[in-house]
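Commentary on secondary and tertiary structure
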Amino acid sequence: MAERIEDSGERIRQGFDSHFVTIAVASIVPLKTLPEGARDSRSFAQVLSSIKAIGLVEAPVVMADTSRTGSYFLLDGHLRIEALKQLGIEEVECLIATEDDTYTYNKRVNRIPPIQEHRMIARAMERGVPAADIAEALNLQVESVIRRFRLLDGISAEAAEMLKDTPCSMRVFDILRQMSAVRQIEAADLMIGQNNFSIMFARALRAATPDNQLAAVKKGKGAAAPTPSGQQIARMERELAALQTQVKSVEETYGIDNLHLTVARGYIAKLLANGRVARWLASHRQEYLGEFEKIAEIDTLAPLAEQDA
C-alpha cells in the first residue's frame, strides 16, 4: 500500500516505496519485448559500457506481481535489465511502484541533444576525467569524444544557445562553422523555423550563403576547402527550393494530421495506462503491445535527427 503523508491537511499518495529493494534479475518479468536489433544498437552498447565502468546509475522500476510471491513486473528499464543479464549480474536494486500503471515512466525522456552532450563531456574533462575513461563509459572512440568536446569551436555563442535543445548532428555544426557568426544565427533561425535540422538543409543554406558571409579561411597546414562550382551551387539551390516546396505542402495538412495523431496517441496511451490491458497484451499480443508503445511515445511530427556518421 502506498505511503500517505500529511501536508497542509492534504494527503499525498507516493508513486514509489521510499527504499530501494534488491531483487533477483531472474524474478523480474518484462512487460514488453525489445525491438529487433535493440541488442546491436549503440544505446545498448553504451548501457553495457556504462554498467561495466561505473555500475548501474538509474534503478529499474518494477511492480510486485500479486499472483506470484517474489515475482515482479518490469515497468521501466528493459535495456538495463537485458544488459545485466548479458553481463551475468544476478541481483539489482529496484524502485517499487505502488500504482497499477504499466505505461512507461520514461516516455518523456528523449535522446540528449548534441550540445548538451558536449557540455557534459566538457565539464567532465574540465574536472580531470581522462577522455579515454569517458570514451569507455559511452562506448565511443577517444577521437569521437574529442570531437564532441570541440563541437562548438568556431560556433557563435548565440547560435549555440538557439540550437542547444535541437537534434542537430555534428556534421551540421561542421557546415555552420563555414559561415560567419551572423550567418550562423540566421541559419539557426531558419532551421528552427522550418523544424528541419538535416544535413541536406544545412548544405543548402551553406550554398545560398553569400561569399561575404562565409567564414574566413585560415591559412595553415593543408589545402583550403575547394570553392563550390556554379553547377554545385545551382544544385544546392534546387534542393533548397524543393525542400521549401515540401514544407509548404506539409503545412497545408499538418494541423488536421497532427490532431488525428494526438487523439489516437492519447487513446492508446490511456489503454496502456490500464494495468490489466497492458498485462493481457504482454501475455497474448506482445507484437501489438510493442507497436502501441511506439505510438504512445510519439510527441510530435518533427523529423528524426540524422545519425552521426
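Everything numeric in this text was worked out from a predicted model, so none of it was measured.

Topic: the overall build of the protein chain
Per the secondary structure count, the protein chain includes 12 helices and 7 strands. For the protein chain, buried positions account for 33% of its 309 residues. Looking at the protein chain alone, contacts between residues at least 24 apart form 73% of all its contacts between residues at least 6 apart. Surface exposure of the protein chain reaches about 19,300 Å², of which carbon and sulfur atoms provide 53%.

Some remarks on helix α11 (residues 275-284)
For α11, the full list of buried residues reads Gly275, Ala278, Leu281 and Ala282. Considered in projection along α11, the buried side chains sweep an arc of 135° and stay on one side of the axis. Every exposed residue of α11 that faces more than 90 degrees away from the buried side is listed here: Arg276 and Ser283. Between the side-chain oxygen of the N-cap and the backbone nitrogen of Arg276 there are 3.0 Å, and the N-cap of α11 in question is Asn274.

Details of the packing of aromatic side chains
Within this structure, the stated rule accounts for 1 aromatic pair. Residues Tyr288 and Phe292 carry aromatic rings whose centres are separated by 6.5 Å and whose planes lie at 45° to one another, so their mutual orientation is tilted. One end of the pair, Tyr288, and the other, Phe292, are both in helix α12 (residues 286-296), 4 residues apart, so they sit about a helical turn from each other. For Phe292, a relative accessible area of 27% gives the class partly exposed.

Description of the pairing of strand β5 (residues 61-64)
Pairing of β5 with strand β6 (residues 72-76) involves 4 bridges; the strand directions are antiparallel. Note that in β6 the partner of Ala64 across the bridge is Tyr72. In this sheet, strand β7 (residues 91-96) lies alongside β5 in parallel orientation, the contact comprising 2 bridges. Opposite Val61, over in β7, you have Leu95 as the bridge partner.

Section: the nonpolar core
If you look at the biggest cluster of nonpolar residues, it comprises 25 residues, and the most contacted ones within it are Leu163, Phe173, Leu176 and Met191. Looking at this core, the elements that each hand over two or more residues are α6 (157-162), α7 (170-176), α8 (181-194), α9 (199-207) and α10 (230-272). Once residues within four sequence positions are removed from consideration, Leu163 is found in contact with Ile115, Cys168, Phe173, Leu176, Ala188, Met191, Ile192 and Phe197. Judged by nonpolar contacts, the second largest core, of 16 residues, contains Val25, Ile28, Val62 and Ile96.

Let's talk about the sheet that holds β5
A sheet is described by the order of its strands in space; here 5 strands give the open sequence β3-β7-β5-β6-β4, paired in mixed fashion. Each of the sheet's edge strands pairs with one partner strand only, and the pair in question is β3 (21-24) and β4 (28-30). Taken over all neighbouring pairs, the strand axes of this sheet differ in orientation by 55° on average, direction set aside. Running at roughly 120° to β6, helix α2 (residues 78-87) makes contact with β4, β6 and β7 of the sheet.

About the cut-offs
- Residues numbered from 1 in each chain as written.
- Predicted model: local features only at pLDDT ≥ 70, side-chain atom pairs only at ≥ 80, totals over all residues.
- Heavy atoms only, no water.
- Helix = DSSP H or I, 4+ residues; strand = E, 2+ residues; numbered from the N terminus.
- Buried < 20%, exposed > 50% of the residue type's maximum accessible area, 1.4 Å probe, protein only.
- Contact = heavy atoms within 4.5 Å.
- Areas by Shrake-Rupley, 256 points an atom, 1.4 Å probe, with all protein chains shown as cover.
- Arc of directions from axis to C-beta.
- Polar contact = N/O pair within 3.5 Å; in protein donor to acceptor, adjacent residues only side chain to side chain.
- Phe/Tyr/Trp six-rings, centres within 6.5 Å; stacked < 30°, edge-to-face > 60°.
- Pairing = 2+ DSSP bridges.
- Core = buried A, V, L, I, M, F, W, Y, C linked by side-chain atoms within 4.5 Å.
- Axes fitted to C-alpha atoms, helices over the stretch in contact; angles between N-to-C directions.

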